[in-house]
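Topology and contacts: notes
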Amino acid sequence: MSAVWEIDLEAFAANLRAIRERVAPATHMLVVKDDAYRHGLAQIVARAVAEGIEWIGALDVSTAVAARAVAGHDARIFAWLADGTEDIESALDAELDLGVGTEALLEAVAALAAARRGTARVHLKIDTGLHRNGVRPERWEAFVERARALEAAGAVDVVGIWTHIGEASDAEDDLQREAFDRAVDQARAAGLTPQLLHVAASAAAFARPEFRYDMVRIGAFAYGIRSAGGPTEQELGLRRVGALRAQVVRVGDAGARADIGASAGLPTSVAGQITAATPAGSSVVDQVHLETLLLRPWAGQAVGDEVTLFGRGGIDSATDIAERIGTIGEELVLRISDEVPRRFV
Ligand SMILES: *Cc1c(COP(=O)(O)O)cnc(C)c1O
């Protein structure tokens, strides 16, 4: 064995059940961007569908199309970063639900759907303050009126209205929610009848019921990655899914050298910050080199010993380490390079 990124699909399934219980009656859209947060798109989508997940959130169209191939026809797959004619054509072919956050995209989607005598399912995005993507409130009224006209013409079906919130402070989130509610009122006044309102990601979906609306878009918590500075895994009722493990390849007085390092995506700043699990208890990672790292010696250390750097079966979680080096758990996980093979258990 050598270094491995191990994914426990049973733990993932348990998290899906915990999320369903927590957010009901809202629907859980499972977010699978970035190769399901490095947990493996195909395996994660297959298991999610088997566990009853009906909505998948994919960010870009190519990920959404890949998810469609695994999830089959019945799943609803949401992509919110369509860009250009080719993307839109693929989205229509794969019967995706499209997030639409600009006037230009609305026009392009409607035109391409009309050209093939089809109807595109769209979720209109209001920018409630993050300024990343979404139609600004001052242009929203004209936007929803145009959407209603395109809907009447049969080119689009406005099934949802959504936004993305910061989840950094309750007060700012509250302001964003007020802006969202106003946008929904304006959409209804324009004659739209959106069935799916969605705002919250992991943190707000768990902590703040009033942010759940009809659906919540949860990625991190499904993979057992808690928010930095937030409640513990135990408080959330979530299990760790991934585990980063390595193998001891050399031992000496200075400690044990394991076969993973910066080239595999570990930031060098984790030196001194990871408490790894060894066969004989815990050991701190003292140094991170390009191909290896050095752990403090333990009694009986031996070549071939397996150590868990973070995650399931280890001591630290990705977020525990992230908090110490000023980042978030997702970032640490997404940095794990493809050189590290993934194993499913
Ligand atoms: C990534 C993302 C989510 C999921 O966020 P988590 O905090 O991982 O649950 C939800 N919505 C959008 C628009 C996103 O980009």
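Okay, the site of the ligand next. Taken together, Val 31, Lys 33, Tyr 37, Trp 80, Trp 162, His 164, Ala 201, Ser 202, Arg 217, Ile 218, Gly 219 and Ala 220 make up the full set of residues near the ligand. With respect to the ligand, the side chain of Lys 33 contributes an N or O atom lying 2.6 Å from an oxygen atom. Side-chain polar atom of Arg 217 to a nitrogen atom of the ligand: 2.9 Å apart, as the coordinates give it. Protein burial of the ligand: of its 390 Å² of free accessible surface, 89% is covered by the chains. Of the pockets mapped on this structure, the ligand occupies the largest pocket. Of all the secondary structure elements, the ones that give two or more residues to the shell around the ligand are helix 2 (33–38) and strand 9 (215–218). When its residues are assigned to classes, the shell around the ligand shows seven nonpolar, three polar and two charged.

Considered for burial, the residues of helix 3 (residues 41–50) that qualify are Leu 41, Ile 44, Val 45, Arg 47 and Ala 48. In an axial view of helix 3, the angular spread of the buried residues amounts to 165 degrees, which keeps them on one side of the axis. Tucked inside the fold, the buried residues of helix 3 contact helix 1 (9–23), strand 2 (27–31), helix 2, strand 3 (55–59) and helix 4 (61–71). Remark: Gly 52 follows helix 3 within two positions and exhibits a positive phi of approximately 95 degrees.

All right, on to the packing of aromatic side chains then. Taken as a whole and assessed by the stated rule, the structure comprises nine aromatic pairs. Taking the centre distance of 5.6 Å and the plane angle of 45 degrees together, the rings of Trp 140 and Phe 143 count as tilted. Here Trp 140 and its partner Phe 143 are both found in helix 7 (residues 137–152), three residues apart, which amounts to about one turn of the helix. Trp 140 gets classed as buried once you look at its relative accessible area, which sits at 0%. Relative accessible area serves as the criterion here: at 2%, Phe 143 is assigned to the buried category. Positioned above the aromatic ring of Phe 211 is the side chain of Arg 177, whose terminal nitrogen or guanidinium carbon lies 5.2 Å from the ring centre.

Before going further, it helps to examine empty space enclosed by the protein. Empty space among the atoms can be located by rolling a probe the size of a water molecule over them. Going through the model one piece at a time under the given rule, you end up with three cavities of 30 Å³ or more. Each pocket or cavity is described by its volume, and for the largest cavity that value is around 110 Å³. Lining the largest cavity we find 16 residues, and of these Tyr 223, Gly 224, Ile 225, Gly 242 and Ala 318 sit closest to its centre. Elements with a minimum of two residues in the lining of the largest cavity: strand 15 (306–311) and helix 11 (318–325).

Here we take up the environment of Arg 296. Note that Arg 296 resides in the loop between strand 14 (293–295) and strand 15. In sequence terms Arg 296 and Val 285 are 11 residues apart; their C-alpha atoms lie 6.5 Å from each other. For Arg 296, the side chain forms a polar contact with the side chain of Asp 286, separated by 3.0 Å.

Rules and cut-offs
- Residues numbered from 1 in each chain as written.
- Predicted model: local features only at pLDDT ≥ 70, side-chain atom pairs only at ≥ 80, totals over all residues.
- Heavy atoms only, no water.
- Near = heavy atom within 4 Å.
- Polar contact = N/O pair within 3.5 Å; in protein donor to acceptor, adjacent residues only side chain to side chain.
- Areas by Shrake-Rupley, 256 points an atom, 1.4 Å probe, with all protein chains shown as cover.
- 1 Å grid on protein atoms, 1.4 Å probe; cavity = no way out; pocket = protein on both sides within 12 Å on 5 of 7 lines; lining within 4 Å.
- Sits in = over half its atoms within 2 Å of the grid points.
- Helix = DSSP H or I, 4+ residues; strand = E, 2+ residues; numbered from the N terminus.
- Nonpolar A, V, L, I, M, F, W, Y, C, P; charged D, E, K, R; others polar.
- Buried < 20%, exposed > 50% of the residue type's maximum accessible area, 1.4 Å probe, protein only.
- Arc of directions from axis to C-beta.
- Contact = heavy atoms within 4.5 Å.
- Phe/Tyr/Trp six-rings, centres within 6.5 Å; stacked < 30°, edge-to-face > 60°.
- Lys NZ or Arg CZ within 6 Å of the ring centre and 35° of its normal.
- Points joined across faces, edges and corners; volume = space filled by probe spheres on them.

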